[in-house]
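Tertiary structure, described
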Amino acid sequence: MRARSTFEQELTDLQQDILRLASLTEETIYRAVQFLLQQDAAGANQIISGDVLIDKLAQEIEDKCVKLIATQQPIAHDLRLSITSLKFLVSLERMADYAVDIARATLYIYGYPLNRQLMEYTSKMSRVVQQMIKEALDAYVNNDAQRAREMCSLDDEVDFISAKIFQEAIRAMREKTQPQIVIPAVYFLLISRYLERIADHATNIGEEVIFLITGEKRELN
Amino acid sequence: MIKNNIWRAIINYFFILLIFLAILQFYFFYHLNLGWALLTSFIFALGLGWIFFKQVISPLKKINTVTKAISQGNLNQELPLYEQKEVSQLAQNINDLVRQQKKILAQITAEKNRMQTILNSMTEGVVALDNQGNVLLLNSAVENFLGVTREAYLGKNILNLIRNYDLERAVKQALKSERPITQEFQLIYPEPNFYYLKATPLKNQEQEKEGIVLLLRNITKEKKLDQMRTEFVANVSHELRTPLTSISGFLETLREGAIDDPAAAHRSLEIMSQETNRLAKLIDELLHLSKIEERRVVHRWQLVQLKEIINQVAVTFQPQAQQKSLTLTVEIPVELPSISGDPDLLAQVLTNLVDNSIKYTLPGGQVLIRATTYRDNVQVEVKDTGIGIPPEDLPRVFERFYRVEKARARELGGIGVGLAIVKHIIKAHGGSIKAESIPNQGSSFKVTLPAEVRSEM
């Protein structure tokens, strides 16, 4: 009985740890995009140096999770919880890395003239991506499989805006009058790819939430 | 149970009566008529038992059921009073007790409701957590801040309610150090807002940790004002700096020998004089703006015919428009109600608006001044087919020194307070101004002023 209750406590702690990491990742992505749009180099540097904390946190949670599986040998929902936690970790850590990539891109394009249209699309895309992350995490917090299913439809919008960014970047680069636009345009292409990958990871989290709650595996995009 | 009691009472009465009658018979008649004694005792025992049942057992039975209901929480019970004095007193006491309990309960409920109302009427968010960081209580302000409902998060960890790393760390620190912690943090959802947090650990009478109370205040507005002020100071310094740099540069040139070259000296002086004028104009406008912001300006209230002012401004700007090959048209209905205000200030509003329109419209475009009556208001619209204002800049164009593209605006000779002045004049006249714009298609500024209403300043 005693062992059982420590196990339950450990599982709850694990969920809290995941949420803590998620909060940090969510915020890092938001701020990375804000610093990009505001052309804030100091902020971008902050994001890059802040990644150490995320990596450290992820490593700690991973160790805990492995120890939990090894010593408690969970089954059924508990096993799913432990396994999905491991997968969440990987996704969240990866998402934060993309945020760092966005911050690096911010530094590279600092000082170049920026294409308003590209900025606008990126801002729009980041809002959709953040909505996806929020929905996925809310689904996890509230044990809401329906919400997780719905959130994945946002991925189409991300792809749509990403295509727009491609078009606009290519159009801008073809204009011979402004050769200095090429470098930021290329970075905006990369940034749109980073955001797209973040959205994919958010979708993965959504899928895992469905698996966690219902036990069924589903491909959502 | 009750039936048993009756029969026990009857049997008791019966035996006592039987013994009593037997003794009576022996004493008086020296022989025993057992049948008669049995019958008589039995009848009397039944009678006495019935009286006992009526007066004691039945009321007790009632009291029993009622007290049971009370103990289960149903306080809406009242006992009838009985003939038997002791039982009656008991019932009375129970009634008093219930009444007292009801009163205390009502007081406690009222107190609790009052506390809840106070908590919910606070603009600050209040969240109470236990030692593990699980939510015990939250008020309406928090529900509004986060767009959540209370019931879904009671008993859950704070991280489920507010997914913010800094906040959780502050809570943990406060719990550990047992000292209040204050911190600022930003929440992304539902809208990006800044909050001020005060986390105060609670202790009970035995000095044991008893959770923590979080006080949250939305400081987004303050943050924005703060930023605006910083930007304002930076902008003013920059605007003052630019002509000064130029002046001191040319002074230096003069000192280093240009003064002996009449042509160069003349040019230097010319530029220095221009820059001095610019500086003076800037300071004038700043003073003007600060006066208007203090609402001390409209002291010349009089009836104003907007028609005249519009025509006058249009005439003034006609040469400038022609120079840029723009068409400047005026549309005024025949009947335009007069308004009350300061004609010079209102002319300034139009001047600033039309000046902007001409500045930001490419050659060949159009500028239109149109006046209309709208309910009890007069609306003046200045519309152009210019470069427009991007939607994200639109809400900020009325800020002092805010400019969409700084370099270009300076080139065109603007110092960035024109629209701020317009807005304050309109406000001082009790009116409103609205800007609409589509980039590359044009902008429209609509000024609405109350018709012929004399407002007290």
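Predicted model, so just to flag it, every value in this text is computed and none were measured. (Residues numbered from 1 in each chain as written. Chains lettered and ligands numbered in written order. Predicted model: local features only at pLDDT ≥ 70, side-chain atom pairs only at ≥ 80, totals over all residues. Heavy atoms only, no water.)

1. A short note on the overall build of chain B
Helix and strand content of chain B: twelve helices and twelve strands. For 457 residues, the compact-globule estimate of 2.2 N^0.38 gives 23 Å, and chain B exceeds it by more than 25% at 45 Å. Seen through its C-alpha atoms, chain B measures out along the principal axes to roughly 165 × 60 × 40 Å. Counting all 457 residues of chain B, 40% fall into the buried class. Contacts spanning at least 24 positions in sequence make up 59% of the contacts within chain B whose residues lie at least 6 apart. As presented, chain B carries roughly 27400 Å² of accessible surface, and 57% of it is formed by carbon and sulfur atoms. Taking the 53 positively charged and 48 negatively charged side chains of chain B as two groups, their mean positions are separated by 10 Å. (Helix = DSSP H or I, 4+ residues; strand = E, 2+ residues; numbered from the N terminus. Rg over C-alpha atoms; globule rule 2.2 N^0.38 Å. Buried < 20%, exposed > 50% of the residue type's maximum accessible area, 1.4 Å probe, protein only. Contact = heavy atoms within 4.5 Å. Areas by Shrake-Rupley, 256 points an atom, 1.4 Å probe, with all protein chains shown as cover. Lys, Arg positive; Asp, Glu negative; His and termini not counted. Charge placed at Lys NZ, Arg CZ, Asp CG, Glu CD.)

2. As for the interface of chain A and chain B
The partner chain B presents 19 residues to the 19 residues of chain A that form the contact. Together, the buried faces of chain A and chain B total about 1900 Å²; carbon and sulfur atoms form 50% of this surface. Joining chain A to chain B, the criterion identifies four salt bridges. As a salt-bridge pair, D393(B) and R116(A) come within 3.6 Å of each other at their nearest N and O atoms. Between the two partners, chain A and chain B, sit six residue pairs in polar contact (both at pLDDT 80 or more). Of all the elements in the fold, those that place two or more residues in the side of chain A that touches chain B are helix 1 (2-38), helix 2 (41-72) and helix 4 (116-142) of chain A. When residues of the side of chain A that touches chain B are assigned to their parent elements, the largest contribution, nine residues, is made by helix 4 of chain A. Tallied by class, the residues present in the side of chain A that touches chain B amount to seven nonpolar, five polar and seven charged. (Buried area = accessible area lost by both parts, 1.4 Å probe. Salt bridge = Lys/Arg side-chain N within 4 Å of Asp/Glu carboxyl O. Polar contact = N/O pair within 3.5 Å; in protein donor to acceptor, adjacent residues only side chain to side chain. Nonpolar A, V, L, I, M, F, W, Y, C, P; charged D, E, K, R; others polar.)

3. Concerning the domain arrangement of chain B
With domains assigned, chain B is organised as domain 1 (2-108), domain 2 (122-218), domain 3 (225-293) and domain 4 (302-450). On a C-alpha basis, the centres of domain 2 of chain B and domain 3 of chain B stand 52 Å from each other. (Domains from an automatic or database assignment.)

4. Details of the sheet that holds strand 10 (residues 377-384) of chain B
All names here are of chain B. Reading across from one edge, 7-9-10-12-11 is the order of the five strands in this open sheet, with mixed pairing throughout. Every other strand in the sheet has two partners, leaving strand 7 (327-331) and strand 11 (432-438) as the edge strands with one partner each. Within this sheet the neighbouring strands show an average axis-to-axis angle of 15°, counted without direction. As judged from the five bridges shared by strand 7 and strand 9 (residues 366-374), these two strands associate in the parallel manner. (Pairing = 2+ DSSP bridges. Axes fitted to C-alpha atoms, helices over the stretch in contact; angles between N-to-C directions.)

5. Description of the nonpolar core
One finds I102(A), I198(A), V127(B), L161(B) and L214(B) to be the most contacted residues of the largest nonpolar core, which totals 96 residues. Residues in contact with I102(A), not counting those within four places in the same chain, are A32(A), V33(A), L36(A), I191(A), Y194(A), L195(A) and I198(A). (Core = buried A, V, L, I, M, F, W, Y, C linked by side-chain atoms within 4.5 Å.)

6. Examining the packing of helix 8 (residues 262-293) of chain B against helix 12 (residues 418-428) of chain B
Residue and element names in this part refer to chain B. Across the interface, helix 8 lies against helix 12 with an axial gap of 9 Å and an inter-helix angle of 25°. By the angle between their axes, helix 8 is roughly parallel relative to helix 12. Handedness of the crossing formed by helix 8 with helix 12: left-handed. Within the contact between the two elements, helix 8 uses E285, H288, L289, I292 and E293 and helix 12 uses A420, I421, H424 and I425. Broken down by class, the residue content of the contact of helix 8 with helix 12 amounts to five nonpolar, two polar and two charged. (Parallel < 35°, antiparallel > 145°, perpendicular 65-115°, else oblique. Left-handed = near helix turned anticlockwise from the far one by under 90°.)

7. Quick word on the pairing of strand 12 (residues 442-450) of chain B
Residue and element names in this part refer to chain B. Counting buried positions over the nine residues of strand 12 gives seven, a clear majority of the element. Both strand 10 and strand 12 contribute to a ladder of seven bridges, which runs antiparallel. Note that in strand 12 the partner of E381 across the bridge is K446. Sheet topology note: the strand 11/strand 12 ladder contains seven bridges and is antiparallel. For I433, the partnering residue across the bridge sits in strand 12 and is V447.

8. Notes on a nonpolar patch on the surface
Residues and elements named next belong to chain B. Where nonpolar side chains cluster on the molecular surface, the patch consists of W7, I11, F15, I19, I23, F42 and L46 and spans about 700 Å² of accessible area. Sorting the residues of the nonpolar patch by element identifies helix 1 (2-29) and helix 2 (34-71) as the ones contributing at least two each. With five residues, helix 1 is the single largest residue contributor to the nonpolar patch. The residue I11 is located in helix 1 in this model. (Patch = residues over 30% accessible without salt bridge, like charges linked within 9 Å, V, L, I, M, F, W, Y side chains within 5 Å.)

9. Considering the sheet that holds strand 5 (residues 209-218) of chain B
All names here are of chain B. Reading across the sheet, the five strands line up as 2-1-5-4-3 and stay open at both edges, with antiparallel pairing between neighbours. Two strands lie at the open edges of the sheet, namely strand 2 (135-138) and strand 3 (181-187), each paired on one side alone. Sheet twist, expressed as the mean angle between neighbouring strand axes with direction ignored, is 25°. Relative to strand 4 (residues 193-203), strand 3 is paired through seven bridges, and the arrangement is antiparallel. When the sheet's bridge partners are listed, Q183 is paired in strand 4 with L197. Across the sheet, helix 6 (residues 165-177) touches strand 1 (125-129), strand 3, strand 4 and strand 5, and the angle it forms with strand 5 is around 140°.

10. Overview of the side chain of Q16(A)
Within the secondary structure layout, Q16(A) lies in helix 1. Among all residues touching Q16(A), those that are not within four sequence positions of it are N157(B), L159(B) and N160(B).

11. With respect to the pattern of salt bridges
Residue and element names in this part refer to chain B. If you walk through the whole model with that rule in mind, you get 33 salt bridges over all chains. Here R99 and D96 are joined by a salt bridge, their closest N and O atoms 3.3 Å apart. In this pair, R99 and D96 both sit in helix 3 (residues 85-121), three residues apart, roughly one turn of the helix. A relative accessible area of 34% means that D96 is categorised as partly exposed. The shortest N-O distance in the salt bridge between K203 and E178 comes to 3.1 Å.

12. Brief notes about the packing of helix 3 (residues 76-108) of chain A against helix 7 (residues 182-214) of chain A
Residue and element names in this part refer to chain A. Direction vectors running N to C along helix 3 and helix 7 enclose 170°, while the axes themselves pass 9 Å from each other. Compared by their axis directions, helix 3 and helix 7 come out roughly antiparallel. Considering only residue class, the contact of helix 3 with helix 7 consists of 20 nonpolar, six polar and six charged.

13. Quick word on the environment of Y189(B)
For Y189(B), the location among the structural elements is in the loop between strand 3 and strand 4. Note on Y189(B): relative accessible area 17%, which makes it buried. Beyond its immediate sequence surroundings of up to four residues, Y189(B) is in contact with E26(A), Q130(A), Q131(A) and K134(A). Within the structure, Y189(B) has its side chain in polar contact with the backbone oxygen of Q130(A) (distance 2.8 Å).

14. What about helix 12 of chain B?
All names here are of chain B. Burial of helix 12 is extensive: eight of the eleven residues sit out of reach of the surface. Turning to helix 12, its buried residues are L419, A420, I421, V422, H424, I425, I426 and A428. If you follow the buried residues of helix 12, they end up packed against helix 8, helix 10 (343-359), strand 11 and strand 12. Two residues or fewer past helix 12, G430 is found with a positive phi of approximately 75°.

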